[in-house]
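An overview of the molecular structure
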Amino acid sequence: MKFFSTILLSGMVTAAFAAAPLLQVTAPRELTTNRYFKKQADGSLLCNRNCYAVSRKKIPVDPTKKYRISCEAKGAGNIRIGVSPFTAEGTVATIAGLQPLAGTETVLIAPAAKSDKSFKVKDASKWDVKDARVVYDADMQGRDLPNYNFFGGRVKSVTKDADGYLVTMTGAIGIDLTPGACVRQHREGRPAIFGSLRKLTGDWQTFEFILGPGITPDGKVGNKIYPNVTQISSWLYVPQGASIRNLQIEEIK
């Protein structure tokens, strides 16, 4: 009896000091794409179409620490797990913010309204119309990097005229700008930090992604927290018909 009591007490002490997850998803309403998930009798979430599942809750992160993002899943197809990174202002910090296209810094020569789908700049001779985005609040010497202040839409066309260059976007630019405002093109990049696709089976499996300093890249994908990122949400790609459970983020040593 004494031996049993010792084991039980030891287990209770361990449980008492075990760190609780920093974030845990247990219901569809806790995901941004909640309409694509239905809670099952066993507590798991069934996905009714291919989608990205991002937790509504964000947690603060320290770039000097490590975090484990994990979930259990089963079904057919492939799953991908990671995080959605944000700045202190709540801006999504995509890798594109770290990928400026050299020599594309320029300034507006006419005012532009946030509802406009085009704007005029002094020099867009080096601008690309494929796989590139535009940032505002840029700096000619690159002192603004990383810059996550993206225009809405992507570049559709660049046309030279007598005054400069007319840049047409696929959507409204989303910001009011005055002449002299500095802008720049950036190479497009993934909207999240994640690992490789993992194959699902009909049995529950645990999938995880480790984020933090000194982490070996997963294939070609880096696992480091981007500069100026202060908070993260859990991020998943889930195929139709798959079920997930125990989606959480923990700090690890």
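For the structure itself, look to the data block above.
Here the structure is a predicted model, which is why all the values come from computation and not from measurement. (Residues numbered from 1 in each chain as written. Predicted model: local features only at pLDDT ≥ 70, side-chain atom pairs only at ≥ 80, totals over all residues. Heavy atoms only, no water.)

**As for the sheet that holds strand E11 (residues 155-160)**
Convention followed: Strands qualify as paired when DSSP identifies two bridges or more between them. A helix here means a DSSP run of H or I that spans at least four residues, while a strand means a run of E at least two residues long, and both kinds are numbered starting from the N terminus. Helix axes are fitted to C-alpha atoms over the stretch in contact, other axes to C-alpha atoms as well, and angles between N-to-C directions run from 0 to 180 degrees.
Pairing is antiparallel across the open sheet formed by three strands, whose spatial order is E9-E12-E11. Of all the strands in the sheet, the pair left with one neighbour each is strand E9 (118-121) and E11. Averaged over neighbouring strand pairs, the angle between their axes works out to 20° when direction is ignored. In this structure, E11 lies alongside strand E12 (residues 165-169), joined through five bridges in antiparallel fashion. When the sheet's bridge partners are listed, valine 155 is paired in E12 with methionine 169.

**Things to note about the sheet that holds strand E13 (residues 182-187)**
Pairing is antiparallel across the open sheet formed by three strands, whose spatial order is E8-E13-E10. Here the strands that pair on one side only, and so sit at the sheet edges, are strand E8 (106-107) and strand E10 (132-135). Alignment of E8 against E13, held across two bridges, turns out to be antiparallel. For valine 107, the partnering residue across the bridge sits in E13 and is cysteine 182.

**A look at the packing of aromatic side chains**
Short version of the rule: Pairing of aromatic rings covers Phe, Tyr and the six-membered ring of Trp, with a centre-to-centre limit of 6.5 Å; geometry is then stacked below 30 degrees between planes, edge-to-face above 60, and tilted otherwise. The buried label applies to any residue whose accessible area, calculated with a 1.4 Å probe on protein chains only, is under 20% of its type's maximum; exposed applies above 50%, and partly exposed to all values in between.
A full pass over the atoms with the stated rule returns six aromatic pairs. Look at phenylalanine 119 and tryptophan 127: their rings are 6.3 Å apart centre to centre, the planes differ by 65°, and that puts the pair in the edge-to-face class. Looking at phenylalanine 119, the relative accessible area reads 3%, which means it is buried. Ring centres of phenylalanine 194 and tryptophan 235 lie 4.7 Å apart, and the angle between their planes is 10°; this geometry places the pair in the stacked category. Taken together, the residues span a long stretch of sequence, with phenylalanine 194 in strand E14 (residues 193-194) and tryptophan 235 in strand E17 (residues 231-238) at a distance of 41 residues.

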